[in-house]
Amino acid sequence: MSIDRNMKVLVVDDYKTMTRIIRNLLKQIEFNETDEASDGHEALAKLRAGNFGLVISDWNMQPMTGLDLLKEVRADARLKHLPFIMVTAESKTENVVAAKQAGVSNYIVKPFNAETLRDKIEKVLVHA
């Protein structure tokens, strides 16, 4: 199955520098249609209004965490099948378990490079 590199990817992080890094990594692996949100509420509004094919969200955000965003996405009939990759600085087992229970598609631990990101995205999109 080929991957549609023209799909819109929403990058969600309250730390602007990290958002920029992820968008640059996406460009390196030829995902050029990206948008960003700086928190879960803004992300939800964009997801409900737009036609996104993938969400890459940070775990640690305020006031709505990445986990809360994931739960909202999975509870929304129109968004529930959307591939969702969680980004975190911590690989604590309880976080991974919580994210899996909430329906995360994949999990990526910072720091990571374009190769790792491509690998995670391909796993998610080929099995979507």
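In what follows, the structure referred to is the one given above.
For every chain, the first residue of the written sequence is number 1, and numbering continues from 1 along that sequence. Per-residue local features of the predicted model are confined to residues with pLDDT of at least 70, and side-chain atom pairs are confined, for both listing and counting, to 80 or more; whole-chain, interface and lining totals are unaffected and use all residues. Where side-chain values are given, they derive from all heavy atoms of the structure, hydrogens and water being excluded.

1. Points about the overall build of the protein
Just so we agree on the cut-off: Under the DSSP-based scheme used, a helix requires at least four consecutive residues in state H or I and a strand at least two consecutive residues in state E, with every element numbered from the N terminus. Each radius of gyration reported is based on C-alpha atoms, and the globular scaling rule is 2.2 Å times the count of residues to the power 0.38. Remark: exposure states derive from per-residue accessible area (1.4 Å probe, protein chains only) relative to the maximum for the residue type, with buried under 20%, exposed over 50%, and partly exposed in between. The contact definition used throughout considers only heavy atoms, calling two residues in contact when any of these lie within 4.5 Å. Surface accessibility follows the Shrake-Rupley procedure with a 1.4 Å probe radius. Residue values consider only the protein chains on display as shielding. In this tally, Lys and Arg are treated as positive and Asp and Glu as negative; His is ignored, and so are the chain termini. To locate a charge, the coordinates of NZ of Lys, CZ of Arg, CG of Asp or CD of Glu are taken.
Assigned secondary structure in the protein consists of five helices and five strands. Helices and strands in the protein line up, N terminus first, as β-α-β-α-β-α-β-α-β-α. A globule of 128 residues ought to have a C-alpha radius of gyration of about 14 Å, and the protein, at 13 Å, matches this closely. If you line up the protein on its principal axes, its C-alpha atoms span 30 × 30 × 30 Å. When each of the 128 residues of the protein is scored for burial, the buried share is 46%. Of the contacts made within the protein by residues no fewer than 6 positions apart, 66% connect residues no fewer than 24 positions apart. About 6,600 Å² of surface is accessible on the protein, with carbon and sulfur atoms providing 49% of the total. Counting 18 positive and 18 negative side-chain charges, the protein places the averaged centre of each group 2 Å from the other.

2. A short note on the packing of helix 1 (residues 16-28) against helix 5 (residues 114-126)
We apply this condition: Axis lines are fitted through C-alpha atoms, for helices just across the contact stretch, and the angle between N-to-C directions can take any value from 0 to 180 degrees. Each angle gets one of four labels, with under 35 degrees taken as roughly parallel, over 145 as roughly antiparallel, 65 to 115 as roughly perpendicular, and the rest as oblique. Amino acids are sorted into nonpolar (Ala, Val, Leu, Ile, Met, Phe, Trp, Tyr, Cys and Pro), charged (Asp, Glu, Lys and Arg) and polar (every other residue, Gly among them).
It is at 9 Å that the axes of helix 1 and helix 5 come closest, and there the two elements cross at 75°. In terms of orientation, helix 1 and helix 5 fall into the roughly perpendicular class. Within the contact between the two elements, helix 1 uses I22, L25, L26 and Q28 and helix 5 uses A114, L117 and I121. Its residues assigned to classes, the contact of helix 1 with helix 5 shows six nonpolar, one polar and no charged.

3. Considerations on the nonpolar core
Formally: Within this scheme, the nonpolar core is defined by two criteria: the residues are buried Ala, Val, Leu, Ile, Met, Phe, Trp, Tyr or Cys, and they are joined through side-chain atoms within 4.5 Å.
Core analysis: the biggest nonpolar cluster contains 23 residues, and V12, L47, L69, V73 and F84 have the highest contact counts within it. At four residues, the largest contribution of residues to this core is made by helix 3 (residues 66-75). Look past the residues within four positions of V73 in its chain and what remains in contact with it is L44, L47, L79, K80, L82 and F84.

4. Some words on the pattern of salt bridges
Where we set the bar: In the sections that follow, a salt bridge refers to a side-chain nitrogen of Lys or Arg positioned within 4 Å of a carboxyl oxygen of Asp or Glu.
Considering all chains together, one arrives at ten salt bridges under this definition. The residue E72 makes a salt bridge to R48 at a minimum N-O spacing of 3.9 Å. Taken together, the residues E72 in helix 3 and R48 in helix 2 (residues 40-49) connect sequence positions 24 residues apart. The exposure class of E72 is partly exposed, given its relative accessible area of 34%. In this structure, E115 engages R118 in a salt bridge whose closest nitrogen and oxygen atoms are separated by 2.7 Å. Taken together, the positions of E115 and R118, both in helix 5 and three residues apart, correspond to about one turn of that helix. Within this structure, K16, R23 and E36 form a network of salt bridges that share partners.

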